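Working through the structure, step by step
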Amino acid sequence: MEKFDVVVLGGGLSGTHAALRVAELNGKVCLVEKATIGLKGFLRRNILLSTSSNKNGNKLEKWKDNLKHKKSSAVEYSEKLEKKLIKAGIVLVKGEGSLASQNEVLVKEDNKSNLITGKSVILAFGSEPYFWPTLPQEENTIISIDEISNLEILPEKVLIVGSGKSGAEAAIGFQKLGCRVFLCTDSTEILPEIDSEISSKVEAQLKSKKIKILANKKIISYFKNGTELEITLETGIKFTTNLIVMVDHRKGLEQNKIAENLGARLGLKGEILVDDLLMSSIPGVYCVGSTSGSLVADSIAQEQGKVAAENAMGKKRQFVPEWVPMVCKLVQNVGYVGCSMQSALEKGFHPVEGIRQDVGFSDKEVETFKIVADKRSKSVVGSQIISSQAEELIPMILLLIKKGITVPNLANSSGLEGTRFQGLCEAAKECLKAIKSG
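Reference entry: report on the structure contained in this document. (Residues numbered from 1 in each chain as written. Predicted model: local features only at pLDDT ≥ 70, side-chain atom pairs only at ≥ 80, totals over all residues. Heavy atoms only, no water.)

1. Details of the pairing of strand E9 (residues 157–161)
Counting buried positions along E9 yields five of five residues, so the element is predominantly enclosed. Here E9 pairs with strand E10 (residues 180–184) via five bridges, running parallel. Its bridge partner lying in E10, Lys157 is registered against Arg180. Read as a crossover between parallel neighbours, the route from E9 over helix H4 (residues 164–176) to E10 is right-handed. (Buried < 20%, exposed > 50% of the residue type's maximum accessible area, 1.4 Å probe, protein only. Helix = DSSP H or I, 4+ residues; strand = E, 2+ residues; numbered from the N terminus. Pairing = 2+ DSSP bridges. Right-handed = clockwise from strand over helix to strand, strands pointing away.)

2. Details of helix H11 (residues 420–437)
The end-to-end C-alpha distance of H11 is 26 Å, a good match for the 26 Å that 18 residues give at a rise of 1.5 Å each. Burial in H11 covers these residues: Arg420, Gly423, Leu424, Cys425, Glu426, Ala427, Ala428, Cys431, Leu432 and Ile435. Of the surrounding secondary structure, the elements contacted by the buried residues of H11 are strand E20 (351–357), strand E21 (368–374), strand E22 (380–386), helix H9 (390–402) and helix H10 (407–411). (Expected span 1.5 Å × (residues − 1). Contact = heavy atoms within 4.5 Å.)

3. A closer look at the nonpolar core
Counting 67 residues, the largest nonpolar core has Trp63, Ile122, Ile148, Ile160, Phe174 and Val245 as the members making the most contacts within it. With near-sequence residues (within four places) excluded, Phe174 lies in contact with Leu48, Ile148, Leu154, Val158, Ile160, Cys179, Val181, Leu243 and Val245. (Core = buried A, V, L, I, M, F, W, Y, C linked by side-chain atoms within 4.5 Å.)

4. A closer look at the pairing of strand E5 (residues 104–109)
Judged from the five bridges that link them, strand E4 (residues 96–101) and E5 form a sheet pairing that is antiparallel. Each residue of the ladder has a partner; that of Ser101, found in E5, is Glu104. In sequence, E4 turns back onto E5 through a hairpin of two residues. Sheet topology note: the E5/strand E6 (residues 112–123) ladder contains six bridges and is antiparallel.

5. Topic: the sheet that holds E20
The strand order E18-E19-E22-E21-E20 describes an open sheet built from five strands, whose pairing is antiparallel. Edge positions in the open sheet fall to strand E18 (326–329) and E20, since each of these has one partner strand only. For this sheet, the mean inter-axis angle between neighbouring strands, taken without regard to orientation, is 10°. Across seven bridges, the pairing between E20 and E21 is antiparallel. Of the residues in E21, the one forming a bridge with Val352 is Ala373. (Axes fitted to C-alpha atoms, helices over the stretch in contact; angles between N-to-C directions.)

In structure tokens:
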């Protein structure tokens, strides 16, 4: 029987990044996946992104063209990913796998069983959608974000249930396709991870596209009337929609109970609980992606895969979600990394902030740059940006934070006039003023 340093169960974003990181560390790694590697996750992440405006043309035909293009891109992505894994020396095994013991994975395919052994195991097989009792799953009517690519007809009106990156991006995606969109969140902020004044600007973006925001609202009931669903919220608000999409509510797969029988602790929704090293209560068994919680953003999934891989290979690296760069692709890109004012306070910092707006990069869009720092050490501990350049700036800011950059250093950095980096420097100057005034 062939033995490996690490066996990865699941070929999604977190699983493939875990396998690749093990290979980079010269470990012998096996990746088990029952379906096409990376395909499902790619579609979920991209089916509504980068869609063209729907001002002209037939909406149904545009939706069909979009589906065809995205599914073709997904196949191409999967093929390239599989080649990359093979080139890295990763052994790929096709079949349905489950944890058999602390260091064994049982793989079944075509009535055959194969036991694969590893010194450590990384579970990355994901989760499944969770539907509320008041909103049970119903084909083409009440669906999860996983099922959007199965829609044959685009609805006139759609209700997105869920906050965070996935909910906001889904709302914008459907709006660009010509749908009337309602966004219902169970939190007061659309992006709970960032500060309220930046989140309010995100909300203003969505409202500018006539997306109806129903913040911190709970759905009490729905009544199906022909092709429409009559929705009633706990506040008495009523409206109609044609489709409900559950975005960020997940539960653990049935096979998590197998892990539970082996000693893993499960959460209230059947998810496998992990520590800061992403290890379950079974020594040497790690969990990444939505296997250990809710639907996670792509950057979080990748980082979790890498951290778990390093720990499976003998390192002791904690996973810190604040140190993962996040970008939401909305009307303007919204990026954030590190601490918000609230989370900085919770971590023991004495937080101060500096904000710079409307720095003149665009006549049409106001860009916002925010720096969060610790008043005592003057170290930059976080940043939030609304800018078309957020994708490029946020990873750079993370590197600066990890290098220990201080507010005076950033404020006095040379930023070329008219660049977004200059906006960050200006925000740091405002932060420096707050430090000195305090």
